[in-house]
Amino acid sequence: MEFDVALPSAPPSPIIHDDLCPRPPRDGKRGPAIRTSGFIVRPDGRKVAYIIDGDLTNAKHVFLCFHGMMSNAKFFKGGAPDGCAYISIDRMGYGKSSYVSPSKFSYSDVVDDAGAIVDKFSLTEVYLMAHSAGSPNALNVASAWSSPDNGPTVKGVGILAGETEYTVEGAPQTPGGVKCFMGGCVGGCCVPVCPCVCDWGFFGDWKLKFLEYPFKVENITCPVILYYAEKDGIIDEKLTQFTAARLKNASVEMIPNTAHFTCATPEFQKKMAAALTK
């Protein structure tokens, strides 16, 4: 069941939940309320939360955004340029989205969750944007929707300092032994010693790394722009080029003098959106 926070004149709805706020004043008057955040409830009872940045009602281009590890949907807040709107999803276990054991969650669920949000807003065309560990999620959604019968038309994908699919053969190791740390220290020590933190999406992410990806990135036909940061100690050019080489319509660009997180400013998100929609 889902609940509404709606305008006084609208009856409560059992289908959606949205936080509403007035539009900015125009000519001394405030316009009708706009949605800023909300959630959907999936058939298994999971709550999938999202944040909207920009004017979704009048946007010419709509992006679904996937944040990285130890982050949440607020990562993309403030990054939507004029004419665009971002629907940034709290991935499983992060922000206000429910956590479930990866034994009950798969990358097919990632696609289905994104599809449910698209259906909620009656979107027929979308762009995808992702940072870091959000990249495998966005790539799988783009691949799943590469067939017109499976979802909306994906117009383009922007990947910012993004991982490739974790289980793909031949992927170069990330710098600094990050994968070793994730699999050894975090999984082997932190989870058994501190079970109280296992509900964090970070640990769900780590466990999801070992699941098979049901879709092939080679099936993606829309334009994909992959950016890497010049001073990134986590995701380097080699890994970015590895992903690009398996895509049909990909380009790679470097963001100079930035690192893994400092490259992902709202200002650069706007530049990435502009590059995809031009």
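This one's a predicted model, so the numbers in the text were calculated from it and none came from an experiment.

Conventions used here
- Residues numbered from 1 in each chain as written.
- Predicted model: local features only at pLDDT ≥ 70, side-chain atom pairs only at ≥ 80, totals over all residues.
- Heavy atoms only, no water.
- Helix = DSSP H or I, 4+ residues; strand = E, 2+ residues; numbered from the N terminus.
- Buried < 20%, exposed > 50% of the residue type's maximum accessible area, 1.4 Å probe, protein only.
- Lys, Arg positive; Asp, Glu negative; His and termini not counted.
- Salt bridge = Lys/Arg side-chain N within 4 Å of Asp/Glu carboxyl O.
- Polar contact = N/O pair within 3.5 Å; in protein donor to acceptor, adjacent residues only side chain to side chain.
- Contact = heavy atoms within 4.5 Å.
- Core = buried A, V, L, I, M, F, W, Y, C linked by side-chain atoms within 4.5 Å.
- Axes fitted to C-alpha atoms, helices over the stretch in contact; angles between N-to-C directions.
- Parallel < 35°, antiparallel > 145°, perpendicular 65-115°, else oblique.
- Nonpolar A, V, L, I, M, F, W, Y, C, P; charged D, E, K, R; others polar.

Colleague: What should I look at first to understand the side chain of Asp232 in this one?
Modeller: Within the element layout of this structure, Asp232 appears in the loop between β8 (224–229) and α5 (237–245). Although Asp232 lies buried, it forms no salt bridge, and the closest oppositely charged side chain, Lys231, sits 12 Å away as judged by the N-O distance. Of note is the side chain of Asp232, whose polar atom sits 2.8 Å from the side chain of His260. Asp232 has contacts with Ala161, Thr258, Ala259 and His260, leaving out every residue within four places of it along the chain.

Colleague: Would you mind going over the nonpolar core with me for this structure?
Modeller: Among soluble globular proteins, nonpolar side chains are generally buried collectively. Leu64, Phe66, Ile87, Ile117, Leu128 and Trp145 are the most contacted members of the largest nonpolar core, which has 51 residues in total. With 7 residues, the single largest contributor to this core is helix α1 (residues 107–120). In this view, Leu64 contacts Ile87, Ala114, Ile117, Val118, Tyr127, Leu128, Met129 and Trp145; residues no more than four positions away in its chain are not counted. Listed in part, the 21 residues of the second largest apolar core include Phe63, Tyr127, Ala161 and Ala273.

Colleague: Looking at this model, I keep getting lost on the packing of α1 against helix α2 (residues 135–144). Mind explaining?
Modeller: Working note: a packed helix pair is described by the angle between its axes plus the distance between those axes. The geometry of α1 relative to α2 is characterised by a closest axis approach of 9 Å and an angle of 70° between their N-to-C directions. By the criterion of interaxial angle, the relationship of α1 to α2 is roughly perpendicular. Every residue of α2 that contacts α1 at Tyr107, Val110, Val111 and Ala114 is listed here: Asn137, Asn140, Val141 and Ala144. The residue inventory of the contact of α1 with α2, partitioned by class, reads 6 nonpolar, 2 polar and no charged.

Colleague: What am I meant to see in the pattern of salt bridges here?
Modeller: A side chain of one charge can pair with a side chain of the opposite charge if their charged atoms are brought near each other. According to the stated counting rule, one finds 6 salt bridges in the structure shown. Here Arg46 and Asp113 are joined by a salt bridge, their closest N and O atoms 2.9 Å apart. Here Arg46 is found in the loop between β2 (33–41) and β3 (47–53), whereas its partner Asp113 is found in helix α1, with 67 residues between them in sequence. Per residue, the accessibility class of Arg46 equals that of Asp113, and both read buried. Across the pair Asp205 and Arg91 runs a salt bridge, and its minimum N-O distance is 2.8 Å. With Asp205 in helix α4 (residues 201–208) and Arg91 in the loop between β5 (84–89) and α1, this pair connects stretches of sequence that are 114 residues apart. Residue classification places Arg91 among the buried positions, given a relative accessible area of 6%. Salt bridges linked by common partners bring Arg42, Asp44, Arg46 and Asp113 together as one network.

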